[in-house]
Amino acid sequence: MTATAHATTPPHPGTPVLHPHGLPRPGRTLVMGVVNVTPDSFSDGGLSYAADAAVAHGLALLEQGADIVDVGGESTRPGAARPPVEEELRRVLPVVRELAAAGAIVSVDTMRAEVAARALDAGARLVNDVSGGIADPAMLPLMARAGMPYVLMHWRGHAAGMQAKAVYDDVVTDVLDELRLRIDAALEVGVRPGCLVVDPGLGFAKTPEHNWELLGRLGDVVALGHPVLVGASRKSFLGSLLADRTTGEPRPVRQRDAATTAVSVLAAAQGVWCLRVHDVASTADAIRVTARWGVDAAASARSPRS
């Protein structure tokens, strides 16, 4: 597959414009579709490992209603080993280039400044860094120079040992405090305030109970004053909640989409900016319903009662 094969393909109808120095604001919660170019991601590792398969998957997500496609070449599931930077580049750059040429708004999911820089050169328009600039000290200065949107997630360490760090006095207070530190670090090096997105990091150094507490107080994360990205899709805390009543076995990963959609609707109602999901179609439909419900509710509130 070549970049020119899709060079004239228009963006998916309704796709919000991502300005070079700002974030899309279409008046509803956005949907970010996941494109894992990895052999070992927890949900769909290997399904889109080849570049052509990953591009086809990304284009399908756009047709299903994704506003952004998030391309990642490193699995961050608990216990995952990191690929060499050369391998991460080999995985993601062709996919970013093809999807950008097709008119997609492409996010690159990486903790490495070198990968981020090369992906931006290839057409990515947003960097999704699960380490919030901690894993690579060059990341925040890069984003300051690039002036492009940047997702800064709460993070306490790499996948191989992160669950040992899931210790908090109060998970919401601690996560907010640690996010504020990373926001301050980004602003101090010149990252534009209007380009910052924060992510509470569900599943990253969090127990299931920690995740539920954060979801229950998403309004506190929104109150930080930056757009919020939430990634709950198919994660293990949903599998634990929906465990088999007889065996206690967690619900299989690919059978957690209905629960993910429920979380997505509730998060959208809390005012989050974007939801990162694997099953785009169901979330996109749910967000359309949620947005329409909000419009109708607002209209009813303004109408005089008889």
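Here the structure is shown first, and the text comes after it.
Residues numbered from 1 in each chain as written. Predicted model: local features only at pLDDT ≥ 70, side-chain atom pairs only at ≥ 80, totals over all residues. Heavy atoms only, no water.

Draft legend 1. View of the pattern of salt bridges. Under the counting rule described, the total for this entry stands at twelve salt bridges. For E88, the salt bridge identified is with R112, shortest N-O distance 2.7 Å. With a gap of 24 residues between them, E88 in helix 2 (residues 85-101) and R112 in the loop between strand 3 (106-109) and helix 3 (113-121) connect regions that are remote in the sequence. Classification of E88 as buried rests on a relative accessible area of 0%. We classify R112 as buried; its relative accessible area is 14%. (Salt bridge = Lys/Arg side-chain N within 4 Å of Asp/Glu carboxyl O. Helix = DSSP H or I, 4+ residues; strand = E, 2+ residues; numbered from the N terminus. Buried < 20%, exposed > 50% of the residue type's maximum accessible area, 1.4 Å probe, protein only.)

Draft legend 2. Representation of the packing of helix 1 (residues 51-63) against helix 2 in the model. Viewed as axis vectors pointing N to C, helix 1 and helix 2 meet at an angle of 35 degrees, and their least axial separation amounts to 9 Å. Judged by the sense of rotation from one axis to the other, the crossing of helix 1 with helix 2 is right-handed. Contacts from A51, A54, V55, G58 and L59 in helix 1 reach P94, V95, E98 and L99 in helix 2. Its residues assigned to classes, the contact of helix 1 with helix 2 comprises seven nonpolar, one polar and one charged. (Axes fitted to C-alpha atoms, helices over the stretch in contact; angles between N-to-C directions. Left-handed = near helix turned anticlockwise from the far one by under 90°. Contact = heavy atoms within 4.5 Å. Nonpolar A, V, L, I, M, F, W, Y, C, P; charged D, E, K, R; others polar.)

Draft legend 3. Representation of unusual backbone geometry within the structure. Even without being a glycine, A205 presents a positive backbone phi close to 55 degrees. A relative accessible area of 1% means that A205 is categorised as buried. In this structure, R234 takes a positive phi of about 60 degrees despite not being glycine. Structurally, R234 is set in the loop between strand 7 (229-230) and helix 8 (236-241). Under the relative-accessibility criterion, R234 is labelled buried at 6%.

Draft legend 4. How the structure looks around the side chain of E74. Here E74 is to be found in the loop between strand 2 (68-72) and helix 2. When its relative accessible area of 10% is taken as the criterion, E74 is described as buried. Among the polar contacts made by the side chain of E74, one reaches the side chain of R82 at a distance of 2.7 Å. Not counting chain neighbours up to four residues away, the residues in contact with E74 comprise T38, R82, P83, E88, M111 and R112. (Polar contact = N/O pair within 3.5 Å; in protein donor to acceptor, adjacent residues only side chain to side chain.)

Draft legend 5. Fine view of the packing of aromatic side chains. This structure, assessed with the given rule, holds one aromatic pair. On the basis of an interplanar angle of 80 degrees and a centroid distance of 5.0 Å, the ring pair of W212 and F237 is categorised as edge-to-face. Of the two residues, W212 sits in helix 6 (residues 208-216) while F237 sits in helix 8, which places them 25 residues apart along the sequence. Its relative accessible area of 1% is what places F237 among the buried residues. (Phe/Tyr/Trp six-rings, centres within 6.5 Å; stacked < 30°, edge-to-face > 60°.)

Draft legend 6. The arrangement of the nonpolar core in detail. One finds V69, V71 and V230 to be the most contacted residues of the largest nonpolar core, which totals 77 residues. For this core, the leading source of residues is helix 5 (residues 171-188), giving eight residues. Counting eleven residues, the second largest nonpolar core, distinct from the first, contains L23, I68, V151 and C274. (Core = buried A, V, L, I, M, F, W, Y, C linked by side-chain atoms within 4.5 Å.)

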